Amino acid sequence: MDLGNWRRRADSVIDVGALPPFSLRGRGGLVTRIVLVLLALAVLVSTYYQVNADSVAVVQRFGRYVRTTDPGPHLKIPLLETVTIVPVQRQLKAEFGFITDRASVRSQFSQNENTLAESLMLTGDLNVAVVEWIVQYKVKDPYKYLFKVRNLDSPTRRGESTTFRDMNEAVMREVVGDHSVNEVLTVGREKIQVDAKNLLQELCDKYETGLEVLQIVLQDVNPPDPVKPAFNEVNQAIQEKERLINEAWADYNQTVPNARGEAERVVRAAEGYALERVNNARGDVARFVNIYDEYRKAPDVTRKRLYLETLNEVLPKTGRKLIIDSSMKGLLPLLNLDPIKQEAK
Amino acid sequence: MKRLGLAAAAFLLLLALASSLYTLDETEQAIITQFGEPVGTPKTAPGLYMKIPFIQQLHTFEKRWLEWSGDPNQIPTKDKKYIWVDTYTRWRVKDPLLFYQRVRDERSAQSRLDDIVDGDTRNVIANNDLIEVVRSTDRPFEETEEDAGIDTSAAEAIGKIAMGRNKITRAILEMSRPIVAEFGIELVDVQIRRVNYVTEVQQKVFDRMISERRRIAERSRSEGQGKAAEIRGQKERELKGIQSEAYRKAQEIMGKADGEATRIYAEAYGRDPELYQFLKTMETYRKTLASDTTLILSTDGEFFRFLKQSR
């Protein structure tokens, strides 16, 4: 390598005065310079560290905690100080009773024997329920989070339980154990979430975990598989009950208004009858009074006239007429009424 | 030769320095032994320390809360229910010196905890009914509309809670705590992680749950039938009410009209009842005498009087 050339180029980009003095003599000088530059780079790299916006950094010197630094670029003493990044702003999540295989718009979940063992629990009435839940939490105190509990929330080996998972299971079982299976499945969900959250936070503080429990959310809560059909049967029975009642009401609503209409009709008809009856009476009476008024003027003649007029009208219309002398006795033996009747037809 | 000696001396010095300096992490504590004998006070604060190289030895221990998980075990409760109980506890090395002297390392500590906490768990569980292990208070359960009036609890779930889960775990803790303290171990808590029925019992519990649900379903159905019958009954009652009411009204109206008509007739015909009778009779003749009528008339009658004689 042409040294002069290198130097010239270096001069153009680096202020030479700021660099440590170099020995420019001979080949040994070159090796020393390369080593020194590399060393300087290594020191620089192990001095500088950067903290992302969602985290803080915990700095230890000789293993002893010295400070917590906020997001941004920072320097530390190389070799003597070590830095651990703790994501304090990030919301962390743990799942119980199921595993999210792939989180996306439509996430995929899976279950296995382990998750079933996690979610199967006894209720306060000594029944059994399958309760799935998630817990959302974050790191409140990075110092405690890092130094107070071993194997707190990230398992060292795959499938191994952590302290935080153990706490969750114990707390959820304690709360569910104090509720009936019906409460767990229906009305008690809200209360169970709140109670479990509070208990878990208490336990977190007791074990100096430095964690803050944001919320516990119950997911699917079901009766165990062998019992499910019986629970569905209850739902069906409730539907059936509603249906029977609805049908009865439908019948009621159809029949009763009909009957009211019919009743109204009967009353109206009676009113019609009443009107007719009274009017007829008035008419009859009016006619009678007219006749009477005239009749009073010549009663005998009028009476005879009416009588004869009637007969005059009636007699031609009647069928057979037998006129019998008043002195004749024993008429009936001679008279067979039936043939007469038949003939008349 | 001189150079080699210098290098060896420097190397030895470095080795001595390396074996005399040690750091303790925030998560660690240590004791120093000299020829196997502990010397000095345990170092529980983190930082950089020195010891005499080669003759003093360093033993570090965890300072954090450590895991311990009970052996999930089939235990009979006082009321002879066989259940699996899975406990955990969190513990730490409280007194490193004592810990070193009595159990040496974490693995043997775990095994001591197995003996002690598992044993105490067994004792306490066996002295309590199952319900005490499951419940923590004796709050009454909220009734849902669905199961109102039907008791879905297992028979052994009824009754006062004397201990409850919390007191049971605390009892285990109180029993184990003084014993493990002799090993320099501190327990923070004992918790029951899981409680489950053993398989045979579980099947029976499922059967019971199924029969309870059947009862609820059955009751729901008969409630539906009952309610429907009640509605039908109400319908019948209202129908009868409406119909009879209408009949009563109609009769009243018609009766009143009949009365009115009667009054009108009586008032008018009262002027000459004889005339009325006569007129009505004539009208009746007109109506009743038809072509199929056979009239047998006597010459005694008014009309045919003139047939016999003109006067």
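What you see is a predicted model, and the numbers here were worked out from it, not measured in a lab.

S.K.: Help me understand the interface of chain B and chain A, please; the structure alone is not making it clear to me.
M.R.: In many analyses, interface size is given as the accessible surface area lost on bringing the parts together. The interface is formed by 104 residues belonging to chain B together with 96 residues belonging to chain A. At 39 residues, helix H6 (residues 199-269) of chain B tops the list of elements feeding residues into the side of chain B that touches chain A. Here the side of chain B that touches chain A is built from residues that sort into 50 nonpolar, 20 polar and 34 charged. Sheet analysis places strand E12 (residues 321-324) of chain A next to strand E10 (residues 295-298) of chain B, joined by four bridges and oriented parallel. Residue pairing for E10(B): Leu322(A) is matched across the bridge by Ile296(B).

S.K.: Explain the domain arrangement of chain B to me, please; I cannot follow it from the model alone.
M.R.: Residue and element names in this part refer to chain B. Looking at the assigned domains, one finds that chain B contains domain 1 (2-62) and domain 2 (66-197). On a C-alpha basis, the centres of domain 1 and domain 2 stand 42 Å from each other. Across the boundary between the two partners, domain 1 contributes eight residues, which contact seven residues of domain 2. The set of elements that each furnish at least two residues to the side of domain 1 that touches domain 2 consists of strand E2 (28-34), strand E3 (37-43) and strand E5 (56-62). Class assignment of the residues belonging to the side of domain 1 that touches domain 2 gives a composition of five nonpolar, two polar and one charged.

S.K.: Any chance you could explain the sheet that holds E2(B) here in plain terms?
M.R.: Hydrogen bonds between backbone atoms are what pair the strands of a sheet, whose relative direction is either parallel or antiparallel. Residue and element names in this part refer to chain B. Taken together, three strands build an open sheet; the order of strands is E3-E2-E5 and the sheet is antiparallel. For this open sheet the edge positions go to E3 and E5, each flanked by a neighbour on one side alone. Strand-to-strand twist across the sheet, computed as the mean angle between neighbouring axes with direction ignored, equals 25 degrees. Looking at chain direction, E2 and E3 are connected through four bridges and run antiparallel. Looking at E3, one finds that Ala-30 is bridged to Lys-43.

S.K.: Please clarify how the sheet that holds strand E3 (residues 64-69) of chain A should be interpreted in this entry.
M.R.: Residues and elements named next belong to chain A. Pairing in this open sheet of three strands is antiparallel, and the strands run E3-E2-E5 from one edge to the other. In this open sheet, the two edge strands, each paired with only one partner strand, are E3 and strand E5 (81-86). Between one strand axis and the next, the sheet turns through 25 degrees on average, direction left out of account. Summarising the sheet, strand E2 (residues 56-61) and E3 pair through five bridges and their orientation is antiparallel. Each bridged residue has a counterpart across the sheet, and for Val-58 the counterpart in E3 is Thr-68.

S.K.: How should I be thinking about the pairing of E2(A) in this particular structure?
M.R.: Taken residue by residue, a regular strand's side chains alternate between the two faces of the sheet. Residues and elements named next belong to chain A. Taken together, the six bridges between E2 and E5 define a ladder with antiparallel strand orientation. Across the sheet, residue Val-59 finds its bridge partner in E5, namely Val-83. Linking E2 back to E3 in an antiparallel pair, the connection comprises two residues, with Phe-62 at a positive phi of about 50 degrees.

S.K.: Help me understand the nonpolar core in this model?
M.R.: Soluble globular proteins: nonpolar side chains tend toward being buried together. In terms of nonpolar packing, the biggest core is built from 75 residues, with Ala129(A), Val131(A), Val171(A) and Leu200(A) touching the most fellow members. Apart from residues lying up to four places away in sequence, Val131(A) is in contact with Gly97(A), Ser119(A), Met121(A), Met172(A), Val176(A), Val184(A), Leu218(A) and Val221(A). Counting residues in each nonpolar core, the second largest holds 11 residues, with Ala274(A), Ile242(B), Ala246(B) and Ala250(B) among its members.

S.K.: I tried to follow the packing of helix H3 (residues 106-126) of chain B against helix H5 (residues 165-181) of chain B on my own but got confused; where do I start?
M.R.: Geometrically, a packed helix pair is captured by the angle between its two axes and the distance between the axes. Residues and elements named next belong to chain B. The geometry of H3 relative to H5 is characterised by a closest axis approach of 9 Å and an angle of 145 degrees between their N-to-C directions. Viewed along their axes, H3 and H5 form a crossing whose handedness is right-handed. Touching Leu-113, Ile-116, Val-117, Asp-120, Thr-121 and Val-124 of H3 are Ile-168, Ala-171, Ile-172, Met-175, Ser-176, Ile-179 and Val-180, all from H5. Across the contact of H3 with H5, the residue classes tally to 10 nonpolar, two polar and one charged.

S.K.: Teacher, can you tell me more about the domain arrangement of chain A here?
M.R.: All names here are of chain A. For chain A, the assigned domains are domain 1 (3-86), domain 2 (92-223) and domain 3 (232-315). Opposite the six residues of domain 1 that make contact, domain 2 presents five residues. The set of elements that each furnish at least two residues to the side of domain 1 that touches domain 2 consists of E2, E3 and E5. Residues that form the side of domain 1 that touches domain 2 fall into these classes: four nonpolar, two polar and no charged.

S.K.: Looking at this structure, I do not really get helix H7 (residues 273-288) of chain B. What am I missing?
M.R.: Since the α-helix advances by 3.6 residues per turn, residues separated by three or four positions end up pointing in the same direction. Here H7(B) spans 22 Å end to end across 16 residues, near enough to the 22 Å set by a 1.5 Å rise per residue. Among the 16 residues in H7(B), one count as buried, and that is only a small part of the element.

S.K.: Would you take a moment to explain helix H1 (residues 2-20) of chain B for this structure?
M.R.: For H1(B), built from 19 residues, the straight-helix expectation of 27 Å at 1.5 Å per residue is met to within 8% by its first-to-last C-alpha distance of 27 Å. Among the 19 residues in H1(B), zero count as buried, and that is only a small part of the element.

S.K.: What should I look at first to understand unusual backbone geometry in this one?
M.R.: Where the residue is not glycine, phi is negative for most of them; where a peptide bond is considered, it is trans in most cases. Here the phi dihedral of Leu79(A) falls at roughly 70 degrees; this positive angle occurs in a residue that is not glycine. Positionally, Leu79(A) belongs in the loop between strand E4 (72-75) and E5. Owing to 10 C-beta atoms within 10 Å, Leu79(A) belongs among the exposed residues under this scheme. A positive phi is found at Arg104(B), a non-glycine position, where the angle reads about 70 degrees. According to the C-beta neighbour criterion, Arg104(B) is exposed, with 11 such atoms within 10 Å.

S.K.: In this structure, what is going on with the environment of Leu36(A)? I would like to understand it.
M.R.: With respect to the helices and strands, Leu36(A) occurs in helix H2 (residues 26-47). Distance from Leu36(A) to Tyr207(A), taken between C-alpha atoms, is 48 Å for residues 171 residues apart in sequence.

Calculation notes
Each chain carries its own residue numbering, running from 1 in the direction its sequence is written. Each chain takes a letter, starting from A, and each ligand takes a number, starting from 1, following the order in which they are written. Given that this is a predicted model, residues contribute local features only at a pLDDT of at least 70 and side-chain atom pairs are listed and counted only at 80 or more, while totals for whole chains, interfaces and linings are drawn from all residues. A pair of residues counts as a contact when their C-beta atoms, built from backbone coordinates, are separated by no more than 7 Å. Runs of E in the DSSP output that reach at least two residues are strands. Runs of H or I that reach at least four are helices, and both are numbered from the N terminus. Each residue receives one of three labels: charged for Asp, Glu, Lys and Arg, nonpolar for Ala, Val, Leu, Ile, Met, Phe, Trp, Tyr, Cys and Pro, and polar for the others, Gly being one of them. The pairing criterion for strands is at least two bridges between them, as found by DSSP. Where each domain begins and ends is defined by an automated method or by a domain database. Axes here refer to lines fitted to C-alpha atoms; in helices the fit is confined to the stretch in contact. Angles between the N-to-C directions go from 0 to 180 degrees. Take the buried Ala, Val, Leu, Ile, Met, Phe, Trp, Tyr and Cys residues, join any whose C-beta atoms are within 7 Å, and the set you get is a nonpolar core. Backbone-placed C-beta atoms define the burial measure: a residue is buried with 20 or more other C-beta atoms within 10 Å of its own, exposed with 12 or fewer, and partly exposed in between. Two helices cross in a left-handed way if the nearer one is turned anticlockwise from the farther one by less than a right angle. They cross in a right-handed way if the turn is clockwise. What a helix should span is 1.5 Å times the count of its residues minus one.

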